[in-house]
Amino acid sequence: MKNPLQKLSMHKRMMLYFSVPLILVQILLCFLCYPQVVRHYREKTDYSMEQSVSQAISFTESYLRNMTYLANMVEDNGVIQNTLSADGFGEERPYMEQWLEYYELNKEFNSYEISNSIYRFCLYVPDEVMYAGNQYYFDGVSRLKERSDYVDLRYALNTGEDYVAISRERDGVDQQDTSQMVTLYHRIASKKEKEEELGICSISVSAKYFQDIMKNANITSEGLVYLMSENGRMITSSNSSILQKMQKKGILLNYGAELFMEKKKEGQKEYYITRQNVDGASWQMILIIPENEYEDQYRFLWLSAALMIGSMIAVIVLMSYLLSGYYVGRLKKLNVEMTGLESGNLNANLPITTEEDEIEEIYHNFNGMVQEVQRLMQEHYQLGKEVKMAEVRALQAQINPHFLYNTLDSIVWMIENERYPEAVTMVTALARLFRISLSKGKTIISVSDELEHARNYLTIQTMRYKNKFTVSVDAQPETLGLSTIKLIIQPLLENAIYHGMEFADGDGEICVRAYLADDDLIIDVEDNGCGIPADVCATLLTDETRVRSKGSGIGLRNVHQRIRLYYGEPYGLTIISEPDVGTTIRVRLPQLVY
């Protein structure tokens, strides 16, 4: 079944071969990196939440510390100590005496409140005292006993601890409206008798300050932050409406062990829970975040990753399209000029740019080859040499267009199959092949260059006929500096490959050997192919039965005649062949130093 990709143009196939691996690598990298990014982002988010809660607790504790400090300051006040410890305090006394007492205490509390404007001070005195009904700086003890948590309050004070709870107090001396406040109750002990309780004072601050702290700590829209006392009483929260909803659903957590971002199922939903103690009061700050809201913040990471992958795919496809189009376009130009050259257009020319890659080198060598052909043709025309000599020299200067076409097709196939190292090797060998073919117009070159030309040719052919045969080139060191006519080994190798290796299946062998014998230079091209019949061997190097068709021996005759034209007899080719054993074509040249 034909591969569907083969129906596409080379441009589109190259674009796919370039872009698909890069896109797959990009997607793989995104999938490998995304969990790490999410983990890092989750750690940052959890750290941010932890810092937010810690800061909220710190602010709360700061208020409580200030309230404790102010309560101790009230307890240590000499006027208050003397007044509460005076004989007969709380009993029936003259009005003026109580009035002066009220005046002195009021002045003290007023000065405290002026310097600590957000705090409200109150002293609880026996109900029999005249100013017990003031309900601002002073209040009756009976009002404390009316509290539903009075037992807890009394227990905390009896154990020497302050008690913090919610209360409703007047907003100001001249105001009758009350508001919710957080109040610290403190036992005033006698400085003379530590065990003697002189009275109770309270320091209050508006609950709005604590609510603002809770709101700032809550970084989600559906989450809730609240303060819960040890006895299960709600102090304040970041959002009263969400608090009521959670109370109805039974989601709220009570005072308990400390937690941080633990996942718990409450009702039908799962939540992330943080619960931490607040120093200075038997409170805990509790943070509840719905799981879906916590996880939704990672959706933008998915969107970012998808956008990044999409952008990279677009860039990769565009760059692959442009790059593949550029290189295929350059090969198409070469193909067009080669087609013209095959049709006889000797004015073929490829534009040269500043790039110095293998294709550019082929352009240079192709143009050089065409120029060399033009020069030779013009030279032969002007000199008026015989047609046979012109044909010989033209064949000497040209590279078989079919060989070049097949080589270029092989290069394109390797690129399409992403076999880039092999493509580079073949392009490099082809470029070197052209370079030696031109040899700056020289007819005589060194044996070393001729063998190098043969190696490049064999490199290309072994890559085209992979695993069909093996090759070897061996030369005595003293032969490398001798001279030879250029391009005499390639036709012999071509004959060995196309005819000797026709039925080879991995067991073919071609060997090129250069050595000295009888004061002459000998170059053997051997193969273990099917051999040549004796009657055919007798006519291969003559003009008898000369037919221009495959297997007619034109290449062998050409080489033989060129050697005879330059050096005369007895130099030239000798064919030694045995059917089913192999063939050796021996080149004999004079031993001349290059």
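Residues numbered from 1 in each chain as written. Predicted model: local features only at pLDDT ≥ 70, side-chain atom pairs only at ≥ 80, totals over all residues. Heavy atoms only, no water.

1. So, the side chain of threonine 583
No. 1: Inspection of the secondary structure puts threonine 583 in strand 17 (residues 582-590).
No. 2: Sequence-distant contacts of threonine 583, defined by excluding residues within four places in its chain, comprise Val525, Glu526, Asp527, Gly531, Ile532, Ile575, Ile576 and Ser577. (Helix = DSSP H or I, 4+ residues; strand = E, 2+ residues; numbered from the N terminus. Contact = heavy atoms within 4.5 Å.)

2. A closer look at helix 3 (residues 95-115)
No. 1: Here helix 3 is 21 residues long and its end C-alpha atoms lie 30 Å apart, about the 30 Å a rise of 1.5 Å per residue gives.
No. 2: All of the buried residues in helix 3 are Gln98, Glu101, Tyr102, Leu105, Glu108, Phe109, Tyr112 and Glu113. Mapping the buried residues of helix 3 onto a view down its axis gives an arc of 135 degrees, with all of them on the same face. Residues of helix 3 that are exposed and point over 90 degrees away from its buried face: Met96, Ile114 and Ser115.
No. 3: Where helix 3 is buried, its residues meet helix 1 (10-76), helix 2 (78-85), strand 1 (119-125) and strand 2 (138-140). (Expected span 1.5 Å × (residues − 1). Buried < 20%, exposed > 50% of the residue type's maximum accessible area, 1.4 Å probe, protein only. Arc of directions from axis to C-beta.)

3. Brief notes about a nonpolar patch on the surface
No. 1: On the surface, a cluster of nonpolar side chains totalling about 730 Å² of accessible area is made up of Val315, Leu318, Met319, Tyr321, Leu322, Leu323, Tyr326 and Tyr327.
No. 2: For leucine 323, the location among the structural elements is in helix 9 (residues 299-342). (Patch = residues over 30% accessible without salt bridge, like charges linked within 9 Å, V, L, I, M, F, W, Y side chains within 5 Å. Areas by Shrake-Rupley, 256 points an atom, 1.4 Å probe, with all protein chains shown as cover. Salt bridge = Lys/Arg side-chain N within 4 Å of Asp/Glu carboxyl O.)

4. Some words on helix 2
No. 1: Ile80, Gln81, Thr83 and Leu84 are the residues of helix 2 that are buried.
No. 2: As for helix 2, its buried residues are in contact with helix 1, helix 3, strand 1, strand 4 (178-189) and strand 5 (197-206).
No. 3: Capping of helix 2 at its N-terminal end is provided by asparagine 77; its side-chain oxygen lies 2.9 Å from the backbone amide nitrogen of valine 79. (Polar contact = N/O pair within 3.5 Å; in protein donor to acceptor, adjacent residues only side chain to side chain.)

5. Notes on the packing of helix 2 against helix 3
If you want to describe how two helices pack, look at the angle between their axes and the distance between the axes.
No. 1: Their axes nearest at 10 Å, the elements helix 2 and helix 3 cross at an angle of 150 degrees. Here helix 2 runs over helix 3; the crossing is left-handed. Contact residues: Val79, Ile80 and Thr83 in helix 2; Glu101, Glu104, Leu105, Glu108 and Phe109 in helix 3. (Axes fitted to C-alpha atoms, helices over the stretch in contact; angles between N-to-C directions. Left-handed = near helix turned anticlockwise from the far one by under 90°.)

6. Examining the pairing of strand 15 (residues 520-527)
Two faces make up the sheet, and in a regular strand the side chains alternate between them.
No. 1: Of all eight residues making up strand 15, seven are buried, and the element is well covered by its neighbours.
No. 2: By the bridge criterion, eight bridges tie strand 14 (residues 508-517) to strand 15 in an arrangement that is antiparallel. Across the sheet, cysteine 511 pairs through a bridge with glutamate 526, a residue of strand 15.
No. 3: Direction of pairing for strand 15 relative to strand 17: antiparallel, over a ladder of eight bridges. Across the sheet, aspartate 520 pairs through a bridge with proline 590, a residue of strand 17. (Pairing = 2+ DSSP bridges.)

7. Considerations on the nonpolar core
No. 1: Formed by 66 residues in total, the largest nonpolar core has its most connected members in Phe366, Leu430, Leu493 and Leu573.
No. 2: Non-local contacts of leucine 430, meaning those with residues more than four positions away in its chain, are made with Ile362, Phe403, Leu404, Thr407, Leu408, Ile411 and Ile460.
No. 3: By size, the runner-up hydrophobic cluster in this structure holds 53 residues, among which are Val74, Tyr112, Phe121 and Ala207. (Core = buried A, V, L, I, M, F, W, Y, C linked by side-chain atoms within 4.5 Å.)

8. A look at the sheet that holds strand 14
No. 1: What the five strands build is an open sheet, ordered 12-14-15-17-16; its pairing is mixed. Pairing within the sheet leaves two strands with one partner each, and these edge strands are strand 12 (469-475) and strand 16 (572-578). Pairs of neighbouring strands in the sheet enclose a mean axial angle of 15 degrees, with direction left out of account.
No. 2: Each of strand 12, strand 14 and strand 15 touches helix 14 (residues 447-464); the most contacted strand, strand 12, lies at about 170 degrees to it.

9. A short note on the packing of aromatic side chains
No. 1: As enumerated under the stated definition, the model contains 16 aromatic pairs in all.
No. 2: One aromatic cluster in this structure is built from Trp99, Tyr102, Phe109, Tyr112, Phe121, Tyr131, Tyr137 and Phe138. (Phe/Tyr/Trp six-rings, centres within 6.5 Å; stacked < 30°, edge-to-face > 60°.)

10. Looking at the sheet that holds strand 2
Think of a sheet as strands paired side by side through backbone hydrogen bonds, with each pair either parallel or antiparallel.
No. 1: In space, the five strands of this open sheet follow the order 2-1-5-4-3, with mixed pairing throughout. Unpaired on one side and paired on the other, strand 2 and strand 3 (163-170) mark the two borders of the sheet. The sheet shows a mean angle of 35 degrees between the axes of neighbouring strands, taken without regard to direction.
No. 2: Here six bridges tie strand 1 to strand 5, and the two strands are oriented antiparallel to one another. Its bridge partner being in strand 5, phenylalanine 121 is matched across the sheet by isoleucine 203.

11. A closer look at the environment of leucine 482
No. 1: Tracing the chain through its elements places leucine 482 in the loop between strand 12 and strand 13 (483-485).
No. 2: Through-space distance from the C-alpha of leucine 482 to that of proline 590 is 9.2 Å; in sequence the pair is 108 residues apart.
No. 3: Sequence-distant contacts of leucine 482, that is, excluding residues within four places in its chain, are made with Ile445, Ser446, Val447, Leu516, Leu521, Gln591, Leu592, Val593 and Tyr594.

12. Observations regarding the pattern of salt bridges
No. 1: Scanning the model with the defined rule gives 15 salt bridges in all.
No. 2: Salt-bridge contacts for glutamate 104 lead to lysine 107; the nearest nitrogen and oxygen are separated by 3.8 Å. Of this pair, glutamate 104 and lysine 107 both sit in helix 3, separated by three residues, roughly a single helical turn.
No. 3: Ionic pairing is found between arginine 513 and glutamate 526, a salt bridge with its closest N-O pair at 3.1 Å. Here arginine 513, found in strand 14, pairs with glutamate 526, found in strand 15; they are 13 residues apart in sequence, far enough to count as distant.
No. 4: Using a relative accessible area of 28% as the deciding quantity, one classes arginine 513 as partly exposed.
No. 5: A relative accessible area of 24% means that glutamate 526 is categorised as partly exposed.
No. 6: Overlapping salt bridges, with partners in common, bring together Arg513, Asp524, Glu526 and Arg586 in one network.

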